[in-house]
Amino acid sequence: MEYYISNISKEFEKYVQYNADNQNIKIGVAMSGGVDSSTVAYILKRQGYNIFGVTMKTFNEEDSDAKKVCEDLGIEHYVLDIRKEFKERVMDYFVDEYMKGRTPNPCMVCNRYIKFGKLLDFILDKGASYMATGHYTKLKNGALSVGDDSNKDQVYFLAQIKKEKLKNIIFPVGDLEKPKLRELAKELGVRVYSKKDSQEICFIKDGKLKEFLIETSNRKALNSGNIVDKNGKILGKHEGFSFYTIGQRKGLGISSANPLYVLEFDDKTNNIIVGTNEDLNKDRLVATDINLFLEASLDSLDNLECFVKTRSRDILHKCILRKNGNDFIVELIDNKVRAVTPGQGIVFYNNEGSVIAGGFIKK
């Protein structure tokens, strides 16, 4: 039997094809209240799946739009209070990393331990076979792979998920680009089809990072020291490592004939070292905390030629991996990487855009 909706454009018909057999498959939809996850719930419902929605309560009250969307669909809506775990795993880690002069990637950590950890376990405990999310991501032959929206490589942020979890996860909108998803959402009547995307760091108000770090660290983030050049010449003062990142130029409060950028943090002297833009370009770096997907062991990564990203909006760089204990030296083959930032994620891809492994930049 075909489930037909008269107002759906032909290009979107495949997303609303009803299959009676789907009713025997229970799916929990991770719902934030945004357009992506809400649209996932709508299309899975149209396809006949037995679905329910779950919203996490992390650092404040959950978004009421998720509950309203579930009411629109006539499905159960659960709230998972995970504030304690979120603070310990994500927020505390975030502050600790900045205090050390590293730039954290909270989304990677949240995805591993919270969203595809605690939330997935909750959904499976409710009798579901799968958790569905609104990530622009695909699973190709069981491998985590980039979606069709080139502006949203969300697998970068998913590269710390434990690979055994993938068998219980589906990404129904991985073959859509965001503008098309909004069109589909509008045609389906999703109430939040025009809702703005959420900010990058969900627990910090826009432009309030400094205030957050000072308050959360009980002012320990305020630890002033010197800004020096590569020869150790003092050029100015800094307020604390937490308020700076590798590659930063603005807000240093120093004057120079040529632009200067943050190169590194010296925790022994509490100095921030600055240099030229050319100094930021590196042809090698070190990756740690490697999470494997397509390879069985760390040893099998040794001498592997592949592609690497050091940030989500980065281009793919060709590289060779050299094992160094449990870490890997990443040698760039064709071009250098600018502003290698310790604490940020690093992801390795094959030619097909599938994730080989993911980790964090050590140095």
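In this report, the structure presented in the accompanying data block is examined. (Residues numbered from 1 in each chain as written. Predicted model: local features only at pLDDT ≥ 70, side-chain atom pairs only at ≥ 80, totals over all residues. Heavy atoms only, no water.)

1. Notes on unusual backbone geometry
Now for step 1: Positive phi outside glycine occurs at asparagine 218, with the angle close to 55°.
Now for step 2: Secondary-structure assignment places asparagine 218 in the loop between helix H7 (209-216) and strand S8 (225-228).
Now for step 3: You will see that arginine 219, though not glycine, has its phi angle at about 70°, which is positive.
Now for step 4: Here arginine 219 shows up in the loop between H7 and S8. (Helix = DSSP H or I, 4+ residues; strand = E, 2+ residues; numbered from the N terminus.)

2. Here's the deal with the sheet that holds strand S10 (residues 261-266)
Strand pairing in a sheet relies on backbone hydrogen bonds. The paired strands run either parallel or antiparallel.
Now for step 1: Taken in spatial order, the four strands of this open sheet run S9-S8-S11-S10, and their pairing is mixed. Each having just a single partner strand, strand S9 (234-238) and S10 make up the two edges of the open sheet. Direction aside, neighbouring strands of the sheet carry axes that sit 30° apart on average.
Now for step 2: Sheet topology note: the S8/strand S11 (residues 271-275) ladder contains two bridges and is parallel. Its bridge partner being in S11, valine 228 is matched across the sheet by isoleucine 273. (Pairing = 2+ DSSP bridges. Axes fitted to C-alpha atoms, helices over the stretch in contact; angles between N-to-C directions.)

3. A word on the packing of helix H3 (residues 83-99) against H7
Now for step 1: Running from N to C, H3 and H7 point in directions that differ by 100°, and their axes come no closer than 10 Å. Accordingly, the angle class assigned to the pair H3 and H7 is roughly perpendicular. For the pair formed by H3 and H7, the contact residues are Met91, Phe94, Val95 and Tyr98 on the first element and Leu209, Phe212, Leu213 and Thr216 on the second.
Now for step 2: Of the residues assigned to the contact of H3 with H7, the class counts are seven nonpolar, one polar and no charged. (Parallel < 35°, antiparallel > 145°, perpendicular 65-115°, else oblique. Contact = heavy atoms within 4.5 Å. Nonpolar A, V, L, I, M, F, W, Y, C, P; charged D, E, K, R; others polar.)

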